[in-house]
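# Structure assessment
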There are 6 protein chains.
Amino acid sequence: MPFVRIDWFPGRTLEQKRELIDVLTREICRIAVCRPETVNFIFTEVERDDWGRAGKLFVDEYEYENEPAAQ
Amino acid sequence: MPFVRIDWFPGRTLEQKRELIDVLTREICRIAVCRPETVNFIFTEVERDDWGRAGKLFVDEYEYENEPAAQ
Amino acid sequence: MPFVRIDWFPGRTLEQKRELIDVLTREICRIAVCRPETVNFIFTEVERDDWGRAGKLFVDEYEYENEPAAQ
Amino acid sequence: MPFVRIDWFPGRTLEQKRELIDVLTREICRIAVCRPETVNFIFTEVERDDWGRAGKLFVDEYEYENEPAAQ
Amino acid sequence: MPFVRIDWFPGRTLEQKRELIDVLTREICRIAVCRPETVNFIFTEVERDDWGRAGKLFVDEYEYENEPAAQ
Amino acid sequence: MPFVRIDWFPGRTLEQKRELIDVLTREICRIAVCRPETVNFIFTEVERDDWGRAGKLFVDEYEYENEPAAQ
């Protein structure tokens with residue numbers, strides 16, 4: 001009965017989300033031994049001015065994460 | 001001291017949310033025995049391309065949920 | 001597709017949770033117009049020394065909430 | 001390894017979030033004894049018609065919270 | 001910067017969690033294009049008398065999910 | 001109306017939580033301009049075998065976080 005939530009920066013495409021939910025559901029069912037119908041996903045986009053680490057917002061830490069998908 | 005969070009698809013009206021928080025707070029207080037002032041609600045809308053089940057996003061599963069409120 | 005989470009103090013019985021999920025699901029479906037199979041619930045118990053308000057833990061605020069179920 | 005989430009009404013400025021994450025991270029590390037690099041923050045804005053208490057949405061309770069920042 | 005939370009029934013072993021976080025992190029990084037150091041996981045066990053669907057707690061729905069791992 | 005949730009490793013004392021909620025509520029109210037009665041806190045302890053980063057559970061990464069409070 002896994003319920004999966006993924007918070008991430010904006011920028012992922014519909015195609016990436018489609019592949020993610022397909023692949024991750026399959027791997028979860030294989031490893032945790034459950035049926036695909038019981039696996040739910042919710043993706044939540046969090047802007048860089050609403051997310052921070054080490055006392056700084058990511059919007060102020062340009063170098064932190066070099067993600068092609070988010071450029 | 002119940003704190004209630006409801007994630008759902010977009011499409012509910014202010015009137016539906018008003019009735020929901022009113023009725024659900026009353027029922028929670030009656031059944032769980034608490035005072036209305038202690039019951040908090042947060043509603044969060046999740047788009048169909050950010051929510052999925054069984055390895056598929058709901059945006060790709062047209063028939064999944066036939067909800068008049070969401071048409 | 002409502003997903004409902006309720007955080008509350010420990011002390012509710014199985015019977016109270018049974019009635020709550022039954023009644024709340026029915027009211028949510030009636031008001032938000034959805035099918036019962038799409039409504040999920042998760043209850044989470046939070047101890048009074050892990051919950052607070054106004055700068056104080058509830059464990060230190062004896063009078064705050066007079067709940068028969070939690071006595 | 002604290003992971004901090006703050007839900008609040010919209011209206012806080014980037015400057016307020018910057019100061020909050022800076023000050024709160026420092027206080028958390030001082031009191032809970034951890035390193036700043038392990039402290040994560042996510043801020044989430046919740047509109048007044050998606051948040052309620054005591055059976056009412058905050059959008060319908062004009063007097064409830066007199067917050068200069070939210071005017 | 002994905003932050004992943006998985007709620008599920010109790011019963012998974014340390015070995016299953018180890019394999020899951022390893023495999024899922026790799027797939028997330030491959031598909032969403034990010035670095036492994038930015039992917040966090042939190043697993044939360046939810047008992048069958050705290051989780052329900054369609055107006056019933058899972059503890060009362062013996063047949064619902066036939067999971068070898070949870071037997 | 002800030003609602004604050006902090007997930008962390010087990011090991012903090014009641015005294016640390018008392019000081020945290022007191023100090024953080026005061027700083028949040030000062031910076032975000034709100035009244036203390038509107039600030040809620042929930043602390044959640046997450047074990048090291050339920051939390052991971054970079055493809056590994058923290059229980060397998062002995063050196064990761066040198067926290068006196070958690071020893």
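The text that follows walks through the structure, step by step, so that each part is easy to find. (Residues numbered from 1 in each chain as written. Chains lettered and ligands numbered in written order. Predicted model: local features only at pLDDT ≥ 70, side-chain atom pairs only at ≥ 80, totals over all residues. Heavy atoms only, no water.)

## Section: the pattern of salt bridges
- Summed over the entire model, instances satisfying the criterion amount to 48 salt bridges over all chains.
- Between Asp7 of chain E and Arg5 of chain C there is a salt bridge, with the nearest N and O atoms lying 2.6 Å from each other. A residue pair is termed interchain when its members come from two chains, as with Asp7 of chain E in strand β1 (residues 3-8) and Arg5 of chain C in strand β1 (residues 3-8).
- A relative accessible area of 6% places Asp7 of chain E in the buried class.
- Put simply, Glu15 and Arg18 of chain A together with Asp60 of chain B are held in one network by salt bridges that share partners. (Salt bridge = Lys/Arg side-chain N within 4 Å of Asp/Glu carboxyl O. Helix = DSSP H or I, 4+ residues; strand = E, 2+ residues; numbered from the N terminus. Buried < 20%, exposed > 50% of the residue type's maximum accessible area, 1.4 Å probe, protein only.)

## Topic: the interface of chain E and chain A
- In this assembly, 31 residues from chain E lie in contact with 32 residues from chain A.
- Both faces combined, the contact of chain E with chain A buries some 2,800 Å², and carbon together with sulfur accounts for 63% of it.
- Sorting the residues of chain E by area buried against chain A places Met1, Ile31 and Val33 of chain E first, and these three jointly supply 23% of that buried surface.
- Seen at the junction of chain E and chain A, the total is two salt bridges.
- Two residues, Arg30 of chain A and Glu19 of chain E, come together in a salt bridge whose shortest N-O distance is 3.2 Å.
- Joining chain E to chain A, the criterion identifies nine residue pairs in polar contact (both at pLDDT 80 or more).
- At the level of elements, β1 and α1 (14-32) of chain E are the ones that each hand at least two residues to the side of chain E that touches chain A.
- Looking at the side of chain E that touches chain A element by element, the count peaks at ten residues for α1 of chain E.
- Across the side of chain E that touches chain A, the residue classes break down as 20 nonpolar, two polar and nine charged.
- Relative to β1 of chain E, strand β1 (residues 3-8) of chain A is paired through five bridges, and the arrangement is antiparallel. Following the sheet pairing, Arg5 of chain A is matched in β1 of chain E by Arg5 of chain E. (Contact = heavy atoms within 4.5 Å. Buried area = accessible area lost by both parts, 1.4 Å probe. Polar contact = N/O pair within 3.5 Å; in protein donor to acceptor, adjacent residues only side chain to side chain. Nonpolar A, V, L, I, M, F, W, Y, C, P; charged D, E, K, R; others polar. Pairing = 2+ DSSP bridges.)

## Comments concerning the relation of the copies chain E and chain A
- Overlay of chain E on chain A (RMSD 0.0 Å): rotation 180°, translation along the axis 0.0 Å. Such a turn and shift between the copies fits a two-fold axis. Distance from the rotation axis, computed per C-alpha, reaches its smallest value in chain E at Arg5 of chain E: 2.6 Å.
- The residues that chain E uses at the interface reappear at the interface of chain A in 100% of cases, marking a shared surface. (Least-squares fit on C-alpha atoms with pLDDT ≥ 70 in both.)

## Section: the side chain of Asp7 of chain F
- At a separation of 2.6 Å, a polar atom in the side chain of Asp7 of chain F contacts the side chain of Arg5 of chain E.
- For Asp7 of chain F, the contacting residues outside a window of four places in its chain are Met1, Pro2 and Phe3 of chain D, Arg5 and Ile42 of chain E together with Thr44, Val46 and Trp51 of chain F.

## Looking at the pairing of strand β1 (residues 3-8) of chain D
Residues and elements named next belong to chain D.
- Counting buried positions along β1 gives six out of six residues, so the element sits mostly inside the fold.
- Across the two faces of β1 the burial is the same, with Phe3, Arg5 and Asp7 and Val4, Ile6 and Trp8 all buried.
- Where β1 meets strand β2 (residues 40-45), six bridges bridge the pair, whose relative direction is parallel. From the neighbouring strand, Arg5 faces β2, where its bridge partner is Ile42.
- In terms of handedness, the path from β1 via helix α1 (residues 14-32) over to β2 forms a crossover that is right-handed. (Right-handed = clockwise from strand over helix to strand, strands pointing away.)

## Brief notes about the interface of chain F and chain D
- The partner chain D presents 31 residues to the 32 residues of chain F that form the contact.
- Counting the surface lost from both chain F and chain D, the interface buries some 2,800 Å², and carbon and sulfur atoms represent 63% of this.
- The largest per-residue losses of area from chain F upon contact with chain D belong to Met1, Ile31 and Val33 of chain F, which jointly make up 23% of the total buried on that side.
- Our enumeration of links across chain F and chain D arrives at two salt bridges.
- At the boundary of chain F with chain D, the tally comes to nine residue pairs in polar contact (both at pLDDT 80 or more).

## Digging into the packing of aromatic side chains
- Across all of its chains, the model carries 33 aromatic pairs over all chains by this definition.
- Here Trp8 of chain F and Phe43 of chain F contribute two aromatic rings whose centre-to-centre distance is 4.9 Å and whose plane-to-plane angle is 5°, an arrangement assigned as stacked. Note that Trp8 of chain F is positioned in strand β1 (residues 3-8) and Phe43 of chain F in strand β2 (residues 40-45), a separation of 35 residues in sequence.
- Among the residues examined, Trp8 of chain F registers a relative accessible area of 1% and is labelled buried.
- These aromatic residues form a ring-pair network of at least three members: Trp8, Phe41 and Phe43 of chain A.
- The ring of Phe9 of chain A has Arg48 of chain A sitting right over it, with the charged end atom 3.9 Å from the ring centre. (Phe/Tyr/Trp six-rings, centres within 6.5 Å; stacked < 30°, edge-to-face > 60°. Lys NZ or Arg CZ within 6 Å of the ring centre and 35° of its normal.)

In short, the description is geometric, and any link to function would need to be established separately.
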